[in-house]
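# An overview of the molecular structure
The lines below spell out each chain.
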Amino acid sequence: MPRVLVVNAALAGVVWLVWALVWGTEYFTVLAENWRVALTMVFGSLVGGGTSEGGGAIAFPVLTKVLVVPPDRARIFTFAIQSIGMSAASLSILLNRIPIERKVVLYGSASGVVGVALSATLLAPHVPLPVVRALFTMLLVALALALVVQLGQRGYRRNAKIPAWSQREKGLVLAAGFAGGIVSGVAGVGENCVMFLLLVLLFRVSEKVATPTTVVMMTIVSVAAFLTHVILLDDFTGPVVGYWTAAAPVVAVGAPLGAWICTKLAPFTIRAVLFVLIGAELISTVLLVPFTPFMVAASVAALTMFTVLCVALVRNERYAILSPELRHEGSPARV
């Protein structure tokens, strides 16, 4: 049997066994009450394990706008369910030896944990969720525009890893990790998106390496955020526990499956999937988030600022010239 199938089945089996021992037949009662959340996470777990957006990018808007879950509960659920699903995906990535940038995981996760803990405790209670969702959507749209610009560059190459690793690169990864943690603490997702932006746009790292790298990072940050809510804020209670209980066995299958699917896709296909998801995010935000004149102005300003930043990263040629041994195996020299 393929190694990936054995690993993913074992990971799902562990979660199912634990749930069977803890909940027994009561699980089916919880599932019957929260099946809509579990169904949402079928798609959310595939996206979380296989892209840089995270399962919360699917779960949060569906929970808040379709299932009418209060935003604060949806955010806590996002961290809780990603702690299970993305942990399974990360273990699958590591056990199946899928290439990742381990230095980025180490430094980016360390600063991301600090950022998400500070954000969840000090910032999130005071920031309106509609504003956060709108600004996060603008960041994703700017990323999509920059990816399109990058595809049009002549001689664009993909690196198998960051071509250089000095204090400058460490500082950039630490800063991106911290910024991603701040965003994640408020929006439920963000660490993986911010680091994906840095890896792909500036460092020219292949999407096939950048995506699993950000999945592992977001796992660590999600677990830290979940523990912050459980231990420090003590707000993992009530219906959120039921949502989590119902959906956890689902994401234990979907997230590792999404991570495996990502390894089978060409870099251009991964970008195409991102474009579709970002388009869906933009449409759902425009249709479902109540925009005030201030939010419209702030969103336009944020989109302009994020786009300028992303295009500036794309135009930076510092990491575009690389030796042949650093070129990602099997990726074309030109796109």
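Look up: the structure comes first, before these words.
Below: a short report on this structure. (Residues numbered from 1 in each chain as written. Predicted model: local features only at pLDDT ≥ 70, side-chain atom pairs only at ≥ 80, totals over all residues. Heavy atoms only, no water.)

### A closer look at the overall build of the protein
Counting secondary structure elements, the protein contains 13 helices and 0 strands. Reading the protein from its N terminus to its C terminus gives the helix and strand order α-α-α-α-α-α-α-α-α-α-α-α-α. Relative to a compact globule of 335 residues, whose C-alpha radius of gyration would be 20 Å, the protein shows 19 Å and is just as compact. Taken over the C-alpha atoms alone, the protein extends approximately 60 × 55 × 35 Å along its principal axes. Within the protein, contacts between residues separated by at least 24 positions form 86% of all contacts whose residues are at least 6 apart in sequence. With 23 positive and 14 negative side-chain charges, the protein shows a separation of 11 Å between the mean positions of the two kinds. (Helix = DSSP H or I, 4+ residues; strand = E, 2+ residues; numbered from the N terminus. Rg over C-alpha atoms; globule rule 2.2 N^0.38 Å. Contact = heavy atoms within 4.5 Å. Lys, Arg positive; Asp, Glu negative; His and termini not counted. Charge placed at Lys NZ, Arg CZ, Asp CG, Glu CD.)

### Quick word on the pattern of salt bridges
Applying the stated rule across the entire model yields 4 salt bridges. Residues Glu317 and Arg204 are paired through a salt bridge, measuring 3.9 Å at the closest nitrogen-oxygen approach. Of this pair, Glu317 sits in the segment after helix H13 (293-315) while Arg204 sits in the loop between helix H9 (191-202) and helix H10 (207-233), placing them 113 residues apart in sequence. Residues Glu207 and Arg271 are paired through a salt bridge, measuring 2.2 Å at the closest nitrogen-oxygen approach. Taken together, the positions of Glu207 in helix H10 and Arg271 in helix H12 (residues 267-288) put the pair 64 residues apart, joining distant regions of the chain. On the basis of relative accessible area, Glu207 is assigned to the buried category, the value being 0%. For Arg271, a relative accessible area of 0% translates into the label buried. Taken together, the shared-partner salt bridges in this structure form one network comprising Arg158, Glu207 and Arg271. (Salt bridge = Lys/Arg side-chain N within 4 Å of Asp/Glu carboxyl O. Buried < 20%, exposed > 50% of the residue type's maximum accessible area, 1.4 Å probe, protein only.)

### Here's the deal with the state of the cysteines
In this structure the tally under the stated criterion is 0 disulfides. In this model Cys193 remains outside any disulfide bridge; the closest cysteine sulfur is found in Cys310, 11 Å from its own. Unpaired in this structure, Cys262 has its nearest cysteine sulfur neighbour in Cys193, at a distance of 14 Å. The exposure class assigned to Cys262 is buried, which follows from its relative accessible area of 4%. (Disulfide = S-S within 2.5 Å.)

### A closer look at the packing of helix H6 (residues 102-123) against helix H8 (residues 167-187)
Contact pair H6 / H8: the axes reach a minimum separation of 6 Å and the direction vectors enclose 35°. The chirality of how H6 crosses H8 is right-handed. Of the residues in H8, those touching H6 at Val104, Tyr107, Gly108, Ser111, Gly112, Val114, Gly115, Val116, Leu118, Ser119, Ala120 and Leu123 are Lys170, Val173, Leu174, Gly177, Phe178, Gly181, Ile182, Ser184, Gly185 and Val186. Among the residues making up the contact of H6 with H8, the classes are represented as 12 nonpolar, 9 polar and 1 charged. (Axes fitted to C-alpha atoms, helices over the stretch in contact; angles between N-to-C directions. Left-handed = near helix turned anticlockwise from the far one by under 90°. Nonpolar A, V, L, I, M, F, W, Y, C, P; charged D, E, K, R; others polar.)

### Regarding the packing of helix H7 (residues 129-151) against H13
When two helices pack together, their arrangement is captured by the angle between the axes and the distance separating the axes. At a minimum axis separation of 8 Å, H7 and H13 run at an interaxial angle of 35°. Between H7 and H13 lies a crossing of right-handed hand. A class-by-class count of the residues in the contact of H7 with H13 yields 20 nonpolar, 3 polar and 1 charged.

### Some points on the side chain of Gln82
For Gln82, the location among the structural elements is in helix H5 (residues 71-95). Judged by its relative accessible area of 3%, Gln82 is buried. In terms of polar contacts, Gln82 uses its side chain to reach the side chain of Ser222, at 2.9 Å. (Polar contact = N/O pair within 3.5 Å; in protein donor to acceptor, adjacent residues only side chain to side chain.)

### Let's talk about the environment of Arg3
For Arg3, the position within the fold is in helix H1 (residues 3-23). Arg3 has contacts with Leu95, Asn96 and Arg97, leaving out every residue within four places of it along the chain.

### Observations regarding helix H3 (residues 35-50)
With 16 residues, H3 should cover 22 Å at 1.5 Å per step; its first-to-last C-alpha distance of 23 Å lies within 8% of that length. Maximal helix bending in H3 amounts to about 30°, located at Val42. Three or more residues of H3 are buried, namely Val37, Ala38, Thr40, Met41, Gly44, Ser45, Val47, Gly48, Gly49 and Gly50. (Expected span 1.5 Å × (residues − 1). Bend = angle between axes of the 7 residues up to and from the residue.)

### Focus: the packing of aromatic side chains
Enumeration according to the criterion identifies 8 aromatic pairs in this entry. Relative to Trp244, the ring of Trp19 has its centre 5.2 Å away and its plane inclined at 65°; by these criteria the two rings are edge-to-face. Of the two residues, Trp19 sits in helix H1 while Trp244 sits in helix H11 (residues 239-263), which places them 225 residues apart along the sequence. Taking the relative accessible area as the measure of exposure, Trp244 reaches 15% and is therefore buried. Each residue in the set Trp19, Phe226, Phe236 and Trp244 is aromatic and connected to the rest through ring pairs, giving one cluster. Over the ring of Trp165 we find Lys103; its NZ or CZ atom is 5.5 Å from the centre of that ring. (Phe/Tyr/Trp six-rings, centres within 6.5 Å; stacked < 30°, edge-to-face > 60°. Lys NZ or Arg CZ within 6 Å of the ring centre and 35° of its normal.)

### Observations concerning the nonpolar core
If you look at the biggest cluster of nonpolar residues, it comprises 42 residues, and the most contacted ones within it are Met195, Leu199, Leu201 and Phe203. Discounting chain neighbours no more than four positions away, the residues touching Leu199 are Val104, Ile162, Arg204, Val205, Ala210, Thr213 and Thr214. Counting residues in hydrophobic clusters, the runner-up holds 30 residues, among them Leu63, Ala74, Phe77 and Ala225. (Core = buried A, V, L, I, M, F, W, Y, C linked by side-chain atoms within 4.5 Å.)

### A short note on a nonpolar patch on the surface
On the surface, Val14, Leu17, Val18, Leu21 and Val22 cluster together into a nonpolar patch covering about 490 Å² of accessible area. Structurally, Leu17 is set in helix H1. You can call Leu17 exposed: its relative accessible area is 51%. (Patch = residues over 30% accessible without salt bridge, like charges linked within 9 Å, V, L, I, M, F, W, Y side chains within 5 Å. Areas by Shrake-Rupley, 256 points an atom, 1.4 Å probe, with all protein chains shown as cover.)

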